[in-house]
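Per-entry structural report
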Amino acid sequence: MQVLPGRAITGMSAILLPHLSPTTVDWASLDAHIARTHEAGLTPAVNMDTGYVQLLDADTRVQVLERAEAITGGDFVAGAFVADEPGAAFDLGAYRQAAEEITSRGGLPVIFPSHGLNDHGDTAWLDAHGQIATHLERFIGFELGSMFVPYGRIVSLDTYRGLLEIPQCIGAKHSSLSRELEWDRLALRNEVRPDFLVLTGNDLAIDMVIYGSDYLLGLSTFAPDKFAERDRLWAKGDPGFHQLNDVLQYLGHFTFRPPVPAYRHSAAMFLKMRGWAENSAVPIGAPTRPDSDQDVLRDIGERLGVL
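This text gives an overview of the structure that appears in the document. Predicted, not measured: the structure shown is a model, and the values here were computed from it.

Inspection of the entire model under this criterion finds 14 salt bridges. A salt bridge links Asp214 to Arg7; the nearest nitrogen and oxygen atoms lie 3.0 Å apart. Residue Asp214 is located in strand 10 (residues 214–217), and its partner Arg7 is located in the segment before strand 1 (11–14); the two are separated by 207 residues in the primary sequence. On the basis of relative accessibility, which here comes to 4%, the residue Asp214 falls in the buried class. Of the charged contacts in the structure, one is a salt bridge between Arg185 and Glu143, with a shortest N-O distance of 2.8 Å. With Arg185 in helix 7 (residues 179–192) and Glu143 in strand 7 (residues 139–144), the pair connects residues that are 42 residues apart, well separated along the chain. According to the relative accessible area criterion, Glu143 is buried, its value standing at 1%.

Following this line, the structure appears as structure tokens:
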């Protein structure tokens, strides 16, 4: 793939939902984190995997949306999540309701994976997105690998082409953690629909932005300020981009090691170190990292100049 120097990068940052305890959300820290992400120039993405959307009850998910609306004036994206079981049928009504909760507050829905959406093959997956499109003016698709959730799906390139042909779908987050698969999508995008957003979710290759990807990353919740700085450096053609990107990538490789979902606990520890969260607790059901990780996280924070 050709490197594209000087391009403006669109950044969306999946917001961590801080917790005071495994059963208590730290709402004050959430509000501040949404605000600082928005002020940095990144679009907050709430109720994503980074926000533990699979572990939240309906009332909590809605309260997150209401706070995002109040803080950003509706300038946010959010996961349209449907909880179901293996083998479940695609539930259009549930997705419509989840999306309406977002759009009614000014946000842009990200069609979050579910068993009903992903368990029935690529043809059914694409047909489901076509059905969703008849009820929404705009939405973002989402390929999520099984290393993140057991009901994840990465579709074939032919199926991805079909997604590009749905005008209401303005972009899609791609979280396979594979450069090759993402490069294939970029080439197809450039050929078929140049305005379509290929939003990298590859926290192990955050330099995909130099090839034309934009991003919707969980890693950026650790340091939205430094991601925004990195993006500005690339747009200016400043070689400092590479040095900053290298340290951010070190953070990504350390925190997104298996089990991958435990990166959220890494983020909670890092936000606490930065004074951005009261506690590093995670909700019940979320995997955790050992306390020894804190020494490495502190070293990385010092390299970034934020600790």
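In this fold, Asp122 is placed in helix 5 (residues 122–133). The buried category is assigned to Asp122, whose relative accessible area is 19%. Of note is the side chain of Asp122, whose polar atom sits 2.8 Å from the side chain of Arg153. Residues in contact with Asp122, not counting those within four places in the same chain, are Arg153, Val155, Ser156 and Thr159.

The first and last C-alpha atoms of helix 5 sit 17 Å apart over 12 residues, in line with the 16 Å expected at 1.5 Å per residue. Buried within helix 5 we find Asp122, Trp125, Ala128, His129, Ile132 and Ala133. On an axial view of helix 5, the arc spanned by its buried residues comes to 145°, and they lie on one face. On its buried face, helix 5 is in contact with helix 3 (92–103), strand 6 (108–111), helix 4 (115–118), strand 7 and helix 6 (157–164).

Next up on the list: the nonpolar core. Core analysis: the largest hydrophobic core is formed by 99 residues, its most contacted members being Val46 and Leu216. Apart from the residues within four sequence positions on either side, Leu216 is in contact with Met12, Ala14, Ala45, Met48, Val77, Val110, Lys173, Leu199, Thr200 and Gly201.

Both faces of strand 10 are covered, namely the face carrying Asp214 and Leu216 and the face carrying Tyr215 and Leu217. Bridge analysis of strand 1 against strand 10 gives three bridges, and the strand direction is parallel. From the neighbouring strand, Met12 faces strand 10, where its bridge partner is Leu216. With two bridges connecting them, strand 9 (residues 197–200) and strand 10 associate as parallel partners. Pairing of Leu199 across the sheet is with Asp214, part of strand 10.

Conventions we followed
- Residues numbered from 1 in each chain as written.
- Predicted model: local features only at pLDDT ≥ 70, side-chain atom pairs only at ≥ 80, totals over all residues.
- Heavy atoms only, no water.
- Salt bridge = Lys/Arg side-chain N within 4 Å of Asp/Glu carboxyl O.
- Helix = DSSP H or I, 4+ residues; strand = E, 2+ residues; numbered from the N terminus.
- Buried < 20%, exposed > 50% of the residue type's maximum accessible area, 1.4 Å probe, protein only.
- Polar contact = N/O pair within 3.5 Å; in protein donor to acceptor, adjacent residues only side chain to side chain.
- Contact = heavy atoms within 4.5 Å.
- Expected span 1.5 Å × (residues − 1).
- Arc of directions from axis to C-beta.
- Core = buried A, V, L, I, M, F, W, Y, C linked by side-chain atoms within 4.5 Å.
- Pairing = 2+ DSSP bridges.

The quantities given are spatial measurements derived from coordinates; they are silent on function.
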